[in-house]
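Survey of secondary and tertiary structure
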Amino acid sequence: MRKILYILFFLVSTAYSQTDWQKWEAKQVSYEFPTKSAAQTQNESASLTGTLLNSLKSVYSFLISDYDGDNCPFSPSCANFFVEAVEETNLISGTLMFADRFTRDMNVFKGVNHYSLHKNGKYFDPAINYTLNLQKIKFEMVNN
Amino acid sequence: MLILISSAKLFAQSGAQEDLFSPNNRLKFANHLYSEKDYLRAIGEYKDFLKSTDNDTARFRFANSFLRIGRYDEAAQNFKILFIGSKLEEEAKLFYYQSLFFSKDFNAFQSNYDSRLNFPQKYSLTLDRLNSATYFLSKTNLPSEAVLIKPFEDSLQTKLIYFYQMMKNPPKKNPVTAALLSAAIPGAGKVYTGELTDGLIAFGATLLSGFLAVNNFQHDHNFRGWLFTGLTAFFYGGSIYGSAASAQIYNARLRFNLDSEIKIFFEERNYFLPKIDL
Amino acid sequence: MFRIRKYFVLFGIFCLQTIYSQNSVETQLAWADKLFASNQYFDAITEYKRVLFFDNRNELKAKIYFKIAKCYKAGAHLDEAINFFASVGKNATNDSTIFSAKLEIIRCNILRKTTERALQLCNELEKDGRFASNKNEINYWRGWTYMFADDWESASKIFGESPADKELKLLCNQVIDAKVSVTFATVISYILPGSGQIYSGKILSGLMSLAWNLAAGYFTVNAFIANRAFDGIVIGELVWLRFYRGNIENAKNFAVEKNFEVSNKALKFLQNEYRGLKP
């Protein structure tokens, strides 16, 4: 908490007059309300498995997941996690990663674990964090 | 057209009675902007002023404006001009290092530091601290602990030794150990990496599906038996892989937390920089 | 293109020089105004600040702060713009300048969507005895504030008070008519799954939802009838309830989304096509 306060303090103390520290141009303020939910980025993949998987996922979302409500407490959701996992690695590792995610999803005490919270209030848990590559692991927020 | 423009400009600068663009007035206005922290505009004015007149304070403020708005390369270049024969030589040298430091080019800082000549005594302690900070922040090519913590006061030594030890020997979890543990007892690797509930669930899920597989085979439900065997393999494999991944995540978090702790430690103390207003 | 315009400005200055060469401050001000007129707001601010630095008369201060604030506003730096408009109020000598500065602050608040603050300022301005004759103008911006606060009923009411604002009142009424009721959408999908979605215009999604609920309901009821209570509970809890809850969630979300689109369409119209005075 102290860290956050501290960072806020820094922002406030330096925000003043910073506008002009970079040359700016004329710009219109948009009247529209900003979109609440950022558009889901569609995974684009050139590989055959990726394309197959993505179409499978589209069918899944058209037939089922669009209608059964927002059940997954993770971001990305389990289906997206699986697609990401396979795209990052291969079908076998991807399946193992999905098995692990599935197990963790069954855990009703997720709150005591160390997930950081995503902006949308879900547990931030991208597939890339499970590729065993230390350099690629990312956290959105400091987790105390 | 160009001639016309230049003559217009000339005219604009000299035609009026009280010339707002005379070097003297430019300097005055530049100083005013500088004091208002309007650094980018101040840079424009100082630049024009320095074309016609050489002035150490103006040059220093010109360079410092670049430093303040984060244009570190230009700041370093201009501080360098003040290194020889200027009355602000000492400050310019310190600020030159500050520019390198804030540009986050820690390698450049360190090699400059190692080959420094005639650095003013007055600021040498500050420079030593900045140099130590570059190692704490970059975590590469660490010199000995004693060298790094020497420039800091006694009350901070414990904390810095802790940082140093955490950098040198972080209490990491081994992914292979985690995987092997889970291979022996499903979920044990997760417990090892601190995810107790995940471990228990993985254990329970594998055990339950395994039990159902055996049970179904015993009752000659072969299809269901194989189904649950597959599910058992799914959970078992997932727990082994997941434990290794969990160990890596543990290690990444360890490093991430240490990084932010070190960063905040130095930021909170403004990198031990003295307050110099020029 | 930009360069040519710049030369043109410089050429303009050259011409101006011959007229104003007696007074450097006036010249400087004209230069700044030229920059302002050619949309070079950042540079214009520099030159306005220069004038101010060398000539600190109060009446000039108010005038120049106003210009600087306008520059910031044109660059979408609304916080700075508000600060400078506030400084105008502190330095101005006549009421009409103070009034326009205050209106500008309200307009900036509308633009940055701090509409509560804008309303508060409207009320303060209305109570101020000096500006009693400007009620219409204050109301006009109050109406805009309501539109930006997504409160089209209040906006319509306000615009209705003045015949000159008939076009805006019509727009507000259109928005009100086009909007759907979130509560109604939610309630009807409690009763008939999928109906809320259809009401908000998502027919296919509504039908799919209805189909899932019918199917899951059928299997659940069937299981209970066949005395397979355990299966019934499992299907009911894991499948039916899930789709039933999803249906209500969707009905609500689609209605909210639809209203959001309606509002944004109107705001887009105001920004791009409306010809009257805008914030």
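Quick caveat, the model's predicted, so the values are computed rather than measured.

1. Quick notes on the overall build of chain C
Scanning chain C for helices and strands turns up 14 helices and 0 strands. Scanning chain C from its N terminus toward the C terminus, one meets helices and strands in the order α-α-α-α-α-α-α-α-α-α-α-α-α-α. Of the contacts made within chain C by residues no fewer than 6 positions apart, 51% connect residues no fewer than 24 positions apart. Accessible area for chain C stands at about 14,200 Å²; split by element, carbon and sulfur atoms hold 59% of it.

2. A word on a nonpolar patch on the surface
Taken together, the side chains of Val59(A), Phe62(A), Leu63(A) and Leu204(C) present a nonpolar region at the surface, about 360 Å² in accessible area. The dominant element in the nonpolar patch, judged by the number of residues it contributes, is helix H2 (residues 48–65) of chain A, at 3 residues. Position of Phe62(A) among the secondary structure elements: in helix H2.

3. Side note on the packing of aromatic side chains
What the rule picks out here adds up to 60 aromatic pairs over all chains. Ring geometry for Trp24(A) versus Phe42(C): centroids 5.9 Å apart, planes at 85°, classification edge-to-face. One end of the pair, Trp24(A), is in the loop between helix H1 (2–15) and H2; the other, Phe42(C), is in helix H3 (residues 41–54), on a second chain. Trp24(A) gets classed as buried once you look at its relative accessible area, which sits at 9%. On the basis of relative accessible area, Phe42(C) is assigned to the buried category, the value being 5%.

4. Some thoughts on unusual backbone geometry
Residue Pro76(A) is bonded to the preceding Ser75(A) through a cis peptide linkage, with omega at -5°. Note on placement: Pro76(A) falls in the loop between strand S1 (74–75) and helix H3 (78–88). With a phi close to 65°, Ala76(C) is a non-glycine residue in the positive phi region. You can call Ala76(C) partly exposed: its relative accessible area is 23%. Phi is positive for Lys113(C), which is not a glycine, with a value near 65°. Tracing the sequence through the fold places Lys113(C) in the loop between helix H6 (95–111) and helix H7 (115–127).

5. As for the side chain of Asn64(B)
Its place among the elements puts Asn64(B) in helix H4 (residues 56–68). Not counting residues within four places of it along the chain, the set of residues in contact with Asn64(B) comprises Tyr34(B), Phe79(B) and Phe95(B).

6. Some details on the sheet that holds S1(A)
Residue and element names in this part refer to chain A. Pairing in this open sheet of 3 strands is mixed, and the strands run S1-S3-S2 from one edge to the other. Looking at which strands have only one partner, the edges of the open sheet turn out to be S1 and strand S2 (116–117). With 2 bridges joining them, S2 and strand S3 (residues 123–124) adopt antiparallel strand pairing. Within S3, the residue paired with Ser116 across the bridge is Phe124.

7. Details of the pattern of salt bridges
Inspection of the entire model under this criterion finds 34 salt bridges over all chains. Across the salt bridge formed by Asp48(B) and Lys51(B), the nearest N and O atoms sit 3.7 Å from each other. Placement of the pair is Asp48(B) and Lys51(B) together in helix H3 (residues 39–52), with a separation of 3 residues, close to one helical turn. A residue is classified by how much of its surface remains accessible, and Asp48(B), at 28% relative accessible area, is partly exposed. Of the residues examined, Lys51(B) reaches a relative accessible area of 65% and is grouped as exposed. Salt bridges sharing partners connect three or more residues here, namely Arg26(B), Glu45(B), Asp48(B), Lys51(B), Glu47(C) and Arg50(C).

8. Section: the confidence of the model for chain C
Averaged over all residues, the pLDDT of chain C equals 90, while 92% of them reach at least 70. Here residues 14–22 of chain C is modelled with pLDDT under 50, and outside its nearest four sequence neighbours on either side it reaches 15 contacts, counting other chains as well.

9. A word on the interface of chain A and chain C
Of the residues lining the interface, 26 residues belong to chain A; the matching set on chain C comes to 41 residues. Counting the contacts that link chain A with chain C gives 1 salt bridge. Across the pair Lys23(A) and Asp43(C) runs a salt bridge whose closest N-O atoms are separated by 3.0 Å. There are 12 residue pairs in polar contact (both at pLDDT 80 or more) connecting chain A and chain C. The class makeup of the residues in the side of chain A that touches chain C is 10 nonpolar, 7 polar and 9 charged.

About the criteria used
Residues numbered from 1 in each chain as written. Chains lettered and ligands numbered in written order. Predicted model: local features only at pLDDT ≥ 70, side-chain atom pairs only at ≥ 80, totals over all residues. Heavy atoms only, no water. Helix = DSSP H or I, 4+ residues; strand = E, 2+ residues; numbered from the N terminus. Contact = heavy atoms within 4.5 Å. Areas by Shrake-Rupley, 256 points an atom, 1.4 Å probe, with all protein chains shown as cover. Patch = residues over 30% accessible without salt bridge, like charges linked within 9 Å, V, L, I, M, F, W, Y side chains within 5 Å. Salt bridge = Lys/Arg side-chain N within 4 Å of Asp/Glu carboxyl O. Phe/Tyr/Trp six-rings, centres within 6.5 Å; stacked < 30°, edge-to-face > 60°. Buried < 20%, exposed > 50% of the residue type's maximum accessible area, 1.4 Å probe, protein only. Pairing = 2+ DSSP bridges. pLDDT = per-residue confidence, 0-100. Polar contact = N/O pair within 3.5 Å; in protein donor to acceptor, adjacent residues only side chain to side chain. Nonpolar A, V, L, I, M, F, W, Y, C, P; charged D, E, K, R; others polar.

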